[in-house]
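# Reading the structure
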Amino acid sequence: MRIAIVAESFLPLMNGVTHSILRVLEHLQERGDEVMVIAPSTSDTDVSSVVKGAYVHRLPSVPLAGYTNVRVALGGVNRVKRILADFAPDVVHLASPFVLGWRAVQAADPLGIPTVAIYQTEVPSYAARYGVPFLENWAWNRVDNIHLLATRTLVPSTFALNQLRGRGILRVDMWRRGVDTARFNPAKRSTAWRSSVAPDGHRIIGYVGRLAVEKQVEDLAVLSDLPDTKLVIVGDGPQREALQTALPNAHFAGFLGGDSLAQAVAGFDLFVHPGEFETFCQTIQEAMASGVPVVATGRGGPLDLVENSRTGWLYEPGNLTQLRDYVQDLMGDDAKRRAFAAAATASVQGRTWPVLSADLVRHYNEVIAGIPSEAGPTELTSSKGPSS
């Protein structure tokens, strides 16, 4: 088939959206599909115009204020409409749509091209974290309009399904995320790497993700004085300097990719994620595949990924005392931590990207054929809440 993927962000920026697109492109390339990616332009002249067999059509863009490596595409609906009309795709895939994706869904609708919108980022909830709470209602209106117009919306968690269904968006189905269990694997654990970041032999508490306001990494300061532990922060972003001040005893590893990231994650003794606005949280799944138990906030995607008292702990959002208590519980009990680690690894087996990408193609075929969404009301009650 012919597929147009409209990417709100794409290479060279690596984030959850880009990562998912790349895995999907690999699958579509293997199938022999013809794919075009529409994405914001970049100032990086080394970026190829063909990625995993897909032609990348770049639209003029400007950097986002305060986060210069994130770019916002310029141009109106008619420009996107001309691009889609020329390419004539069978389906348009909207990757975490908000600005460019809003134009694309408006462009595809009059052309009669079905759209599959991937709800991946809870953009409206970022407003308060960034000091502009008055924009939250406007942002939710934008999200509503996109997903009401899309032929089908795919969400990664029951929390996100509940959230959109509760806003009257009914053409919604579940599509989770895959994990590379060959890359993220307990066998990648390295004594040499552990010694390089925790030379005193302390147990390692790790975080992986963007160093941005919405990730709430500063909450990890509550763990800074736990005895015989070392906090390791993997990732980069606009908050790095402020976080280095707030967490002076932590080791900041910067951005890691490929085998370096897999080695780091497998080298953790415990993974922590304090962000409250995750629709899924891929890094949690990668930690679990690596044999690392998790302590995460009990909201959003982690509700589906972490099973309390088996693969990790979910703490009440904002309850940093509970965060600390759960971390202490696992860091102070080697046998329990090993049992949680084994259960975490087992829980993600079978969630490979080829399996998940094949499921995505099924959704493409269904919207092309006019088959309605199958998500039923029973899914609305399946999310697990935090418990002690």
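Residues numbered from 1 in each chain as written. Predicted model: local features only at pLDDT ≥ 70, side-chain atom pairs only at ≥ 80, totals over all residues. Heavy atoms only, no water.

## Considerations on the overall build of the protein chain
If you tally the helices and strands in the protein chain, you get 14 helices and 16 strands. Relative to the 2.2 N^0.38 estimate, which gives 21 Å for 388 residues, the radius of gyration of the protein chain is 21 Å and therefore close to what a compact globule would have. Put simply, the protein chain has 388 residues, and 55% of those count as buried. Partitioning the contacts of the protein chain with sequence separation of at least 6, the portion at a separation of at least 24 is 67%. Accessible surface computed for the protein chain: about 15500 Å², of which carbon and sulfur atoms make up 51%. (Helix = DSSP H or I, 4+ residues; strand = E, 2+ residues; numbered from the N terminus. Rg over C-alpha atoms; globule rule 2.2 N^0.38 Å. Buried < 20%, exposed > 50% of the residue type's maximum accessible area, 1.4 Å probe, protein only. Contact = heavy atoms within 4.5 Å. Areas by Shrake-Rupley, 256 points an atom, 1.4 Å probe, with all protein chains shown as cover.)

## Here we look at the side chain of Thr153
Here Thr153 shows up in strand 9 (residues 152-155). Among the polar contacts listed, one links the side chain of Thr153 to the side chain of His147, at a separation of 2.8 Å. (Polar contact = N/O pair within 3.5 Å; in protein donor to acceptor, adjacent residues only side chain to side chain.)

## Section: the pattern of salt bridges
This structure, assessed with the given rule, holds 22 salt bridges. A salt bridge links Asp225 to Arg324; the shortest N-O distance between them is 2.6 Å. Separated by 99 residues along the polypeptide, Asp225 in the loop between strand 11 (203-208) and strand 12 (229-234) and Arg324 in helix 12 (residues 320-331) bring together distant segments of the chain. Through salt bridges with shared partners, one network takes in Arg152, Asp173, Asp359, Arg362 and Glu366. (Salt bridge = Lys/Arg side-chain N within 4 Å of Asp/Glu carboxyl O.)

## Focus: the packing of aromatic side chains
Evaluated as defined, the whole model comprises six aromatic pairs. What links up through ring pairs into an aromatic cluster is the set Trp193, Phe268 and Phe271. Taking NZ or CZ as reference, Arg2 lies 4.3 Å from the ring centre of Phe87, over its face. If you follow Arg142 out to its NZ or CZ, it ends over the ring of Phe98, 5.7 Å from the centre. (Phe/Tyr/Trp six-rings, centres within 6.5 Å; stacked < 30°, edge-to-face > 60°. Lys NZ or Arg CZ within 6 Å of the ring centre and 35° of its normal.)

## Considerations on helix 6 (residues 158-166)
Within helix 6, seven of the nine residues are buried, leaving the element largely enclosed by the surrounding structure. Among all positions of helix 6, only Thr158, Phe159, Ala160, Leu161, Gln163, Leu164 and Arg165 are buried. Residues of helix 6 that are buried make contact with helix 5 (136-149), strand 9, strand 10 (172-174) and helix 11 (302-305).

## Concerning the confidence of the model for the protein chain
Parts of the model with low pLDDT should not have their predicted coordinates read in detail. When pLDDT is averaged across the protein chain, the result is 92; 95% of the residues are at 70 or more. Across residues 376-388 the pLDDT falls below 50, and counting only partners more than four positions away or on other chains, this stretch makes 31 contacts in the model. (pLDDT = per-residue confidence, 0-100.)

## Focus: the nonpolar core
Judged by nonpolar contacts, the single largest core of 32 residues is most densely connected at Val234, Phe268, Phe271, Ile284 and Val294. Of all the elements in the fold, those that place two or more residues in this core are helix 7 (191-197), strand 11, strand 12, helix 9 (258-266), helix 10 (282-289), strand 15 (294-297) and helix 11. Dropping the residues within four chain positions of it, Val234 is found in contact with Tyr207, Val208, Gly209, Ala253, Gly254, Leu256, Leu261, Ala264 and Phe268. With 29 residues, the next largest nonpolar core counts Leu25, Val35, Leu356 and Val367 among its residues. (Core = buried A, V, L, I, M, F, W, Y, C linked by side-chain atoms within 4.5 Å.)

## Some words on the pairing of strand 13 (residues 251-254)
Here strand 13 shows one buried face, formed by Phe252 and Gly254, and one open face, formed by His251 and Ala253. For strand 12 and strand 13, the ladder comprises three bridges, and the chain directions are parallel. Within strand 13, the position partnered with Val234 by the bridge is Gly254. Of the crossover connections in this fold, the one passing from strand 12 over helix 8 (residues 240-246) to the parallel strand 13 is right-handed. (Pairing = 2+ DSSP bridges. Right-handed = clockwise from strand over helix to strand, strands pointing away.)

## Digging into a nonpolar patch on the surface
Taken together, the side chains of Phe134, Leu135 and Trp138 make up a nonpolar region of the molecular surface, amounting to roughly 350 Å² of accessible area. With respect to the helices and strands, the residue Leu135 is situated in the loop between helix 4 (123-129) and helix 5. A residue is classified by how much of its surface remains accessible, and Leu135, at 36% relative accessible area, is partly exposed. (Patch = residues over 30% accessible without salt bridge, like charges linked within 9 Å, V, L, I, M, F, W, Y side chains within 5 Å.)

## Details of the packing of helix 12 against helix 13 (residues 334-347)
Two elements in contact, helix 12 and helix 13, have axes separated by 6 Å at closest approach and are oriented at 100 degrees. By the angle between their axes, helix 12 is roughly perpendicular relative to helix 13. Where helix 12 abuts helix 13, its residues Asp329, Leu330 and Met331 lie against Asp334, Lys336, Arg337 and Phe340. Here the residues of the contact of helix 12 with helix 13 sort into three nonpolar, no polar and four charged. (Axes fitted to C-alpha atoms, helices over the stretch in contact; angles between N-to-C directions. Parallel < 35°, antiparallel > 145°, perpendicular 65-115°, else oblique. Nonpolar A, V, L, I, M, F, W, Y, C, P; charged D, E, K, R; others polar.)

## Considerations on the sheet that holds strand 12
Ordered by their spatial adjacency, six strands build an open sheet running 13-12-11-14-15-16, and the pairing between neighbours is parallel. Looking at strand neighbours, the two that pair on one side only are strand 13 and strand 16 (312-315), the edges of this open sheet. Averaged over all pairs of adjacent strands, the angle between strand axes in this sheet comes to 20 degrees, irrespective of strand direction. Against the sheet, helix 12 engages strand 11, strand 12, strand 14 (270-273), strand 15 and strand 16, with an angle of about 170 degrees to strand 16.

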